[in-house]
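Results of the structural survey
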Amino acid sequence: MTRPAPRVVEALNAALHRLFEERSSLHLLGEDVLDPYGGAFKVTRGLSTRHPDRVFSTPISEAGITGVAGGLALAGDQAIVEMMFGDFAALAFDQVLNLISKSVTMYGDRVPMPVVVRCPVGGNRGYGPTHSQSLQKHFLGVPNLALYETSPFHDPYVQLAESLDRGPAMLFEDKVLYTRRMFRDGVVDEHHGYALLDGPTGWAHISPVDGTAADVVLICPGGTAHRALDAARLLRARGLAAHVLVPARLYPPDLKPVLPLLADVRLVAVAEESTEGGTWGAEIAARVHTRIWAQLRAPVLLLSSADSVVPTAPHLEAGVLLGAERIAEEIEATVARSLPPRAPAAPLVAAGPETAGTETGEPSAAGLESAEPLAGVPVAVPKLNNNDTVYVVLRWFADEGAYIGEGDPLVELETSKAVEEIAAPAAGHLRVHAAEGSEVGVGELLAELLAEPPAAPAPGTSAPTASAKRVVALGSAVAPVAPPAQKPGSAARTHVLDRAQQGTAAVVTRAHREVPVAFAAVEVTVDAVLARLRTLSDETGAEVGLPEAVVKAVAAAHPAFPHLFGTLVDERTVRLADTVDIGVTVDAGNGLYIPVLRDCAARPIAEISDDLMDFRMKAFRAEFTAGELSGGSLSVSLNTEPGVLFVQPIVMAPQLCMLSVGGPLTRLALTDGVPAPTIVVTLGLAYDHRVVNGRDAVAFLRAVADALHDAEQLVKLIDCQ
C-alpha cells in the first residue's frame, strides 16, 4: 500500500531536522521547544534530543527571543524563532522592524540576516481572541523582510531554506493545516490537480483535471487553501469553473507567472482570513490592477473575515471567520453583477448538455424552458450533485412579487440526500415559475427577478405564500396546513427549524414510512483499543479516537457481510457495494449531517481521522456539499458522549443498516478473580428486515466487536498504515 502523504506538521518537523543536519550554525529558540514537549504544536519534536547544544527553550519574552536571534545572525550564525502563537509576534514587532530587518542595510554594506520567525496563526480551533488571529498584514512592506506561508502544496524545507538564505523572513503557519496532509504528485482530488508555477517556491495552480478554462481565479494564502478548494467545488456545482492560486511567498509577491491566468476571466478574487484593511489581498489587487487593468472584466474582489475579534464559541467563531460558503456566494453574486442583466449565463444556470457553451464562451439558454420571452434575470436549476438530475422545490423564502436582495436566500431544493439553499443572483421582484412541491430538472427555469412587481403569477403556477406551511418529505408534498389559532392577547413563542434539520426530518420521515426496521445490540470492552489509539495519536499528531476505530472495524467486516453494505433495488434485488463508503453522523449544533467517508477499508485510520476532523469543521460552518452527503453504503451513528447507554438509529434508505456507538461506560469485571474497572461501549444495529435477518445482524455486531477487542485484530485494524 502506498504510504500516505505526511501531515503538514510532520513535513515541517522533517524540514527542521534536515536543515539542522545541513547547517551546523543553525539555532532554534522558543518557549517549551525542548523534548519531550517539542513545542505547543509538536513542530520541533526531536530536535533538542539530536541537537541539544543548538535548541534553546527560552523565558516568556517574545521580544527577548527575537532580539537574541538577531544577535546570533549579526555574529554569523543562523536562527529560527518559534512564536508559541503568532498573536505574540506583536510583542516582537519592535525587534523585527527596528533590529532584524534594518540591520540588512543599515551599516553601509549588506549584512546577511538569516533569521526566520515562525508564527502559528489562524482560527477555527476555538482558541479565542488572543490566540486565533492572522497578523500577516501587519508585517507587509517592511524593507528587507520577506513573508512566507505554509501550504499543503509547497515543501516547507524549500520555504525555510530560501527564507534563511534571503533572510530575514517570517513563516506563517495556519494551525488548521497542522493535522492535514500534504498534497503530492499533482493530485488534489478526483476533479482537481495542481502544478507549481516558477519553481518549488512559486505559485500552486489548482485547476480542474478536465482542462476546463477558468471563469473565476481565486487567489489565497496557504491557510485558506482548503476553504478556497471547497468554494471551487461549490462553484463547480453551480456552473462556474474556478481555478485557485496559492503562493509560497506572500511578500514581496511575484505576479509575473500568474498574470496570463488572470486576464479576461470573469472575476479575480482574493480570499484571506485576516480582517479587511491594509491586507495582503489589497496589495495583490493593487498590483493586478496596475499590471492588467485593461484586461480585467471586473475589479478584483477582496474577501476577508468579519471586522471582529475571533470568538471562542465555535458557532460564533464560524460566523466571524471567512468560510467556503461565503467565498462561493460572494463570487457568484459578483459574477452575476458583472454580466449583462438579461444574460442567460447567470451563475445558477447549470453547465450541462442542455446549456452548452456558445461561440462567445457563454452558456446558452437552452435549459430555460419558458413559453414567453424572459422579462428579468432568470434563475435556473443548478447542478447540485452528480447523482440527481431532478430535484424537489421545498419552499420559497419570499412571496410572489416580493423584492429580493442580491445574495438573499431565494429557494430550497431537495436532492436525494440533502437540502440546498439557492441565493438570488441579482436583486428584483420575484416571479415564480416552479411551485413548492414540484419536481424540476437541471437547467429548468425556477423564477425570474423583475425590475417591477409582476402583474400576476406565472402561467400554470400558483404563487407561494411565506405564511403557508407545507410539509415535504423526499418529493411528496401535502396540502398547506394553516397555522394554529392564537388566543387574543397571547404572544406565541416559536422555534424555526433550520434547513439542515428540515432535510434530516425529510429523510427520517421516509425511513420510518418505508423501511421495516429491526434492532440488535451488543456490549464490547474497549480498554485495549483506547490505549492503542492514545499512543497512535501521540505518534502521528492526528486526533485518532474510538469513532475512527469503529469505522475501520465496520469496514473490516465488509467481506464477510457484503449484503449489509448493499442497496435495495427492488423487492428481490440488492446491489452490492464495490467499495466501503461509510456515512457518519456529525452534529455541531447546526443540524444533523451524515457526510460519507470514502473507501474506508483501503485507507489507514489516520486518514479517516483527517476526514472526520474536516467534517466536524464543515459542520460548524454548515458548508457541506451534496456530493459529500451522498453515496454511502452503510452509516454509523456516533454518540460517544460519556453516559450514553445506547442509541437506536434509523436506516438511511436506500441503505440497509446503520450502526450506533454509545458512550464509554465503566464496568467491574473479574480479572484473575479480582474485580477491576473496565470500559465498555454498546454497539447497536438497525437493519432492514427485508434483507437482513437477526442472525446476520448479531453476527455482524460480534465481528465489529471482536475487531475492537481482540489483540491480533487490533494490530491489523489500527497499525496497518
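Below or above, wherever it landed, is the structure these notes cover. (Residues numbered from 1 in each chain as written. Predicted model: local features only at pLDDT ≥ 70, side-chain atom pairs only at ≥ 80, totals over all residues. Heavy atoms only, no water.)

**Here's the deal with the overall build of the chain**
Within the chain, the regular secondary structure consists of 16 helices and 34 strands. Out of the 721 residues belonging to the chain, those deemed buried represent 55%. Sequence-distant contacts in the chain: of pairs separated by 6 or more residues, those separated by 24 or more amount to 71%. Summed over its atoms, the accessible surface of the chain is roughly 30,100 Å², and 55% of this surface lies on carbon and sulfur atoms. (Helix = DSSP H or I, 4+ residues; strand = E, 2+ residues; numbered from the N terminus. Buried < 20%, exposed > 50% of the residue type's maximum accessible area, 1.4 Å probe, protein only. Contact = heavy atoms within 4.5 Å. Areas by Shrake-Rupley, 256 points an atom, 1.4 Å probe, with all protein chains shown as cover.)

**Considerations on the packing of aromatic side chains**
Throughout the structure, instances matching the rule amount to eleven aromatic pairs. Measuring from ring centre to ring centre gives 5.7 Å for F85 and Y127, while their planes differ by 85°; the resulting arrangement is edge-to-face. Of this pair, F85 sits in the loop between β3 (78–82) and α4 (93–100) while Y127 sits in the loop between β4 (115–121) and β5 (146–149); the two residues are 42 residues apart in sequence, bridging distant segments of the chain. With a relative accessible area of 31%, Y127 lands in the partly exposed category. Grouping aromatic residues by their ring pairs yields a cluster made of F41, F85, F88, Y127 and Y178. (Phe/Tyr/Trp six-rings, centres within 6.5 Å; stacked < 30°, edge-to-face > 60°.)

**With respect to the pairing of strand β17 (residues 409–414)**
The element β17 is largely enclosed, with a buried count of five among its six residues. When strand β15 (residues 390–396) meets β17, the two strands line up antiparallel, connected through four bridges. Its bridge partner lying in β17, W396 is registered against V411. Taken together, the five bridges between β17 and strand β18 (residues 419–423) define a ladder with antiparallel strand orientation. Residue E412 lies in a different strand from β18, and its bridge partner there is E421. (Pairing = 2+ DSSP bridges.)

**Points about the sheet that holds β15**
Strand pairing in a sheet relies on backbone hydrogen bonds, with the paired strands running either antiparallel or parallel. Sheet architecture is open: four strands sit in the order β18-β17-β15-β20, paired in antiparallel fashion. Every other strand in the sheet has two partners, leaving β18 and β20 (439–441) as the edge strands with one partner each. Each neighbouring strand pair of the sheet contributes to a mean axis angle of 40°, computed without reference to strand direction. As defined by bridge partners, β15 adjoins β20 across three bridges and the pair is classed as antiparallel. Note on β20: the bridge partner recorded for V392 is E439. (Axes fitted to C-alpha atoms, helices over the stretch in contact; angles between N-to-C directions.)

**Regarding the packing of helix α3 (residues 62–74) against α4**
One way to put it is that α3 packs onto α4 with a least axis distance of 8 Å and a crossing angle of 25°. The orientation of α3 with respect to α4, classified from their angle, is roughly parallel. As α3 packs across α4, the resulting crossing turns out to be right-handed. Taken together, the residues of α4 that come into contact with α3 (itself represented by A63, T66, G67, G70 and L74) are Q95, V96, L99 and I100. (Parallel < 35°, antiparallel > 145°, perpendicular 65-115°, else oblique. Left-handed = near helix turned anticlockwise from the far one by under 90°.)

**Details of the pairing of strand β13 (residues 301–305)**
Burial of β13 is extensive: four of the five residues sit out of reach of the surface. Two elements, strand β12 (residues 267–275) and β13, share four bridges in a ladder whose sense is parallel. Bridge pairing in β13 links A271 to L303. Read from β12 through helix α8 (residues 280–292) to β13, the crossover connection turns out right-handed. (Right-handed = clockwise from strand over helix to strand, strands pointing away.)

**So, the side chain of R238**
Its location among the elements puts R238 in the loop between α6 (225–237) and β10 (242–247). Judged by its relative accessible area of 9%, R238 falls in the buried class.

**Notes on helix α14 (residues 605–621)**
The terminal C-alpha atoms of α14, which comprises 17 residues, lie 25 Å apart, in line with the 24 Å expected from a rise of 1.5 Å per residue. The buried fraction of α14 is high, at 13 of 17 residues. Phi turns positive one or two residues past the end of α14, at A622, with a value near 55°. (Expected span 1.5 Å × (residues − 1).)

**Some words on the nonpolar core**
Ranked by internal contacts, the top residues of the largest apolar core, which has 58 residues, are V554, V636, L659, L683, F700 and L708. If sequence neighbours within four positions are ignored, V554 has contacts with F565, I582, L634, V636, L659, F700 and V704. Counting 45 residues, the second-largest nonpolar core is a separate cluster that includes L29, V121, I219 and L259. (Core = buried A, V, L, I, M, F, W, Y, C linked by side-chain atoms within 4.5 Å.)

**Considerations on a nonpolar patch on the surface**
A cluster of nonpolar residues, L74, M106 and Y107, forms a patch on the protein surface that exposes about 310 Å² of accessible area. Among the structural elements, M106 can be located in the loop between α4 and β4. Owing to a relative accessible area of 46%, M106 belongs among the partly exposed residues under this scheme. (Patch = residues over 30% accessible without salt bridge, like charges linked within 9 Å, V, L, I, M, F, W, Y side chains within 5 Å. Salt bridge = Lys/Arg side-chain N within 4 Å of Asp/Glu carboxyl O.)

**A short note on the sheet that holds strand β7 (residues 192–197)**
Spatial ordering of the open sheet is given by β7-β8-β10-β9-β12-β13, a layout of six strands whose pairing is mixed. Looking at which strands have only one partner, the edges of the open sheet turn out to be β7 and β13. For this sheet, the mean angle separating the axes of adjacent strands, direction not counted, is 20°. Seen against the sheet, α6 touches β7, β8 (203–208), β9 (216–219), β10 and β12 and runs at an angle of roughly 170° to β10. The sheet strands contacting α8 are β9, β10, β12 and β13, and the helix crosses β12 at an angle near 155°.

These figures come from the coordinates and say nothing about function on their own.
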